[in-house]
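Residue-level structural notes
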Amino acid sequence: MSKTPLDFEKGAHEALGSATLQQALGKFQTGYPLLRARAMQSLPDFEKVRTKAARIKDFSLKNLEQLTNQYREKVEANGGTVHICETAEDARKTVVEICRQVEAKKITKSKSMVTEELALNDALEAAGMEVLETDLGEYIVQLAGERPSHIVGPALHKTKEEVAKLFKAHHKTRRKRETGEQLVREAREVLREQYFASEVGITGANFLIAETGTAVIVTNEGNADLCRILPKTHIVVTSMEKVIPTLDDLSVFLRLLARSASGQEMTSYTTLVSGPRGPGESEGPTSFHVVIVDGGRSKLLGTEQQALLRCIKCGACMNVCPVYMSVGGHTYGWVYPGPIGAVLNPVLNGFGTMYHNYQASTFCGACEEVCPVKIPLTKIMRDWRTRAFQERIPGLGARLALWLWAAIAANPFLYNLAAGAGIPILRALAGKKGVLKSLPFANGWMKDRVLDAPEGGRFVRGRKR
Amino acid sequence: MKTRAETFAWNVKNQLGKVHQVASLEKVPALVRRLAEQLGLEPKAVVAAASDLKDINWKGLEVEHRPAGIEDVLGISRAMAGIAETGTLVFASGKSNPPSLNFIPEYSIAIVRESELVDTSEEVWAILREKQPFPATINMVTGPSRTGDIEQTLFLGAHGPRELHVVMVKS
Ligand code: SF4
């Protein structure tokens, strides 16, 4: 089911026709969005806190270079190494090289969307190393040979029955696989030994704190912590916009992140790592690396759309998005699904290839309402459409149609004439029943819809100046 | 108005942790024995080597002060602080406090003194800034391990402990 971004329309149709996917997506009616709404009740000044969070991010982005240097100096003083990588290719090479140096055979990894962006697992496997995802959702997706469909719950597109089938095929043991509980237990048992047997643990990071040289890793399962504590080498792979100035700033984001992501006041585990194990400690990695990836993000710095880099990857925007909830995450065709993907993917992976991503919107604005850092997602989506038009990304036909529409809409006389003609034409097409089942030039759109023929006249008819 | 200790306890429970209150550290071993019995576990545990936990008499329990291994089922750790706002325990790694105690055993008991409770995480940062060097690993633990990865349904004990017992010590 690996889809490419240009297959968006085909993928969307397949997704809408898949009963199991629709069943899994249906859980969004009762799952995360409801929990989120409940958790927000314990944060009555949500509006104030998110304004503050947005401000901290804007400040950090403005002073990114200086803060990153400060972060790096602190980590180095703590005995760790920071690698700043401009491209995905640089980052892949850096991680593979660190793993080679410590002769890693087995690597345990906790969820990190940035490593998805880098296709890091492929690179490590090509270098002859075994990589094991340990977050339950990521593990399921890895067994299925798929990619995550959601940035917080990578396997939310799968039903329990599908997971049971996967476990049966891969674990080759006989056991009961009827309840979610049994499946969680099975994964726990299978993965447990792997942490002890791995030479390297790779995790992501949700925040980097300049003040203390600290990477903050937020999880619910505790898998990232086992990846941190047990292997001899810990590599944090993350992206450049994660840097914030101080620990106090972190407190602001912690009040927002878990509530927005999973509807908890706080995730079970929030872990602050600042270097290799300290003097006298008997546990924790002896070598510690942080790989910070640009990957195209710096193109946004100083632009009108810089606010995109405020994103804390909470996933709230996709949980309420009618498009996401209909077509699922895979249809977007690249790493980040939902509203944030629709605007970020083009920056990181090209406006041409990701063209359909920023078309996939109803402009209902539900995403902006929940976004904990107030990213103007629909505005940026419009900006990208304008940009695509200017860069002639849509085909000639589409551009001509848009141009014609703009010409008519900008001229009241023409507009009235066209709109006035529309009503009798639609009525004629609808026939006696007064219902339209198809429309010229819009058969695709009408495929799953019926339209009542317009009744009466236009509101603006005959209005005199 | 709830007291800080009450708010903390309420939030721990809200995050699916269990709360026990004892008058002094000396009462902890008896509580642990009782818990082990209720859970059907052998009376043994791996315990943080924090000085106040080393000093007490663990009679009736087989305790070892070391990091947790794959075979350990019950771990006892010592928090440096508890945050009332969220019911969060804070652990700083160090010679006597291996982080594995909080993650490997299936049942986790965490000990915090009521005098170590604070209102918000900001207050914890103020305490930590005084520590030199800054701890390599700081674990903030809020309730037991959980996952929502299967059909957005909550299950406990994903990779870390399935039960978290927080023992609040009065004095
Ligand atoms: S855009 Fe906002 S809501 Fe969406 S993932 Fe990012 S921070 Fe969360």
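Above this text you will find the structure in question.
Opposite the 67 residues of chain A that make contact, chain B presents 51 residues. Each partner contributes to the roughly 4,900 Å² buried at the junction of chain A and chain B, and carbon and sulfur atoms together form 52% of this total. Run the count over chain A and chain B and you get 6 salt bridges. Between E211 of chain A and R129 of chain B there is a salt bridge whose closest N-O contact spans 2.4 Å. In this assembly, chain A and chain B are joined by 37 residue pairs in polar contact (both at pLDDT 80 or more). Sorting the residues of the side of chain A that touches chain B by element identifies α9 (136-143), α10 (160-171), α11 (180-197), α12 (223-229), α13 (247-262) and β9 (269-273) of chain A as the ones contributing at least two each. Tallying contributions element by element places α11 of chain A first for the side of chain A that touches chain B, with 11 residues. Looking at the side of chain A that touches chain B, its residues break down into 25 nonpolar, 22 polar and 20 charged. In this structure, β9 of chain A lies alongside strand β9 (residues 137-141) of chain B, joined through 5 bridges in antiparallel fashion.

In this section: the state of the cysteines. The final tally for this structure, using the stated rule, is 0 disulfides over all chains. This cysteine, C99 of chain A, is not joined by any disulfide, and C227 of chain A carries the nearest cysteine sulfur, 12 Å off.

With that settled, consider the packing of aromatic side chains. Residue and element names in this part refer to chain A. Inspection of every chain in the model, using the stated rule, returns 10 aromatic pairs over all chains. Relative to Y358, the ring of Y355 has its centre 5.8 Å away and its plane inclined at 85°; by these criteria the two rings are edge-to-face. Each member of the pair, Y355 as well as Y358, is classed as buried. Cluster of aromatic residues (ring-pair linked, three or more members): F351, Y355, Y358 and W384. For the cation-ring pair, R36 lies above F46, with the distance from its terminal atom to the ring centre recorded as 5.6 Å.

With that settled, the discussion passes to the sheet that holds β9 of chain B. With mixed pairing, the 8 strands of this open sheet are ordered in space as β8(A)-β5(A)-β6(A)-β9(A)-β9(B)-β6(B)-β5(B)-β8(B). Single-partner strands in this sheet number two, and they are β8 (243-244) of chain A together with β8 (117-118) of chain B. Here strand β6 (residues 214-219) of chain A runs beside β9 of chain A; their pairing, made up of 5 bridges, is antiparallel. Directly across from V218 of chain A, in β9 of chain A, lies its bridge partner T270 of chain A. On top of the sheet, α13 of chain A reaches β5 (207-209), β6, β8 and β9 of chain A together with β9 of chain B; it is set at about 165° to β5 of chain A, its chief contact.

About the criteria used
- Residues numbered from 1 in each chain as written.
- Chains lettered and ligands numbered in written order.
- Predicted model: local features only at pLDDT ≥ 70, side-chain atom pairs only at ≥ 80, totals over all residues.
- Heavy atoms only, no water.
- Contact = heavy atoms within 4.5 Å.
- Buried area = accessible area lost by both parts, 1.4 Å probe.
- Salt bridge = Lys/Arg side-chain N within 4 Å of Asp/Glu carboxyl O.
- Polar contact = N/O pair within 3.5 Å; in protein donor to acceptor, adjacent residues only side chain to side chain.
- Helix = DSSP H or I, 4+ residues; strand = E, 2+ residues; numbered from the N terminus.
- Nonpolar A, V, L, I, M, F, W, Y, C, P; charged D, E, K, R; others polar.
- Pairing = 2+ DSSP bridges.
- Disulfide = S-S within 2.5 Å.
- Phe/Tyr/Trp six-rings, centres within 6.5 Å; stacked < 30°, edge-to-face > 60°.
- Buried < 20%, exposed > 50% of the residue type's maximum accessible area, 1.4 Å probe, protein only.
- Lys NZ or Arg CZ within 6 Å of the ring centre and 35° of its normal.
- Axes fitted to C-alpha atoms, helices over the stretch in contact; angles between N-to-C directions.

Remember, this is a structural readout, not a statement about activity or role.
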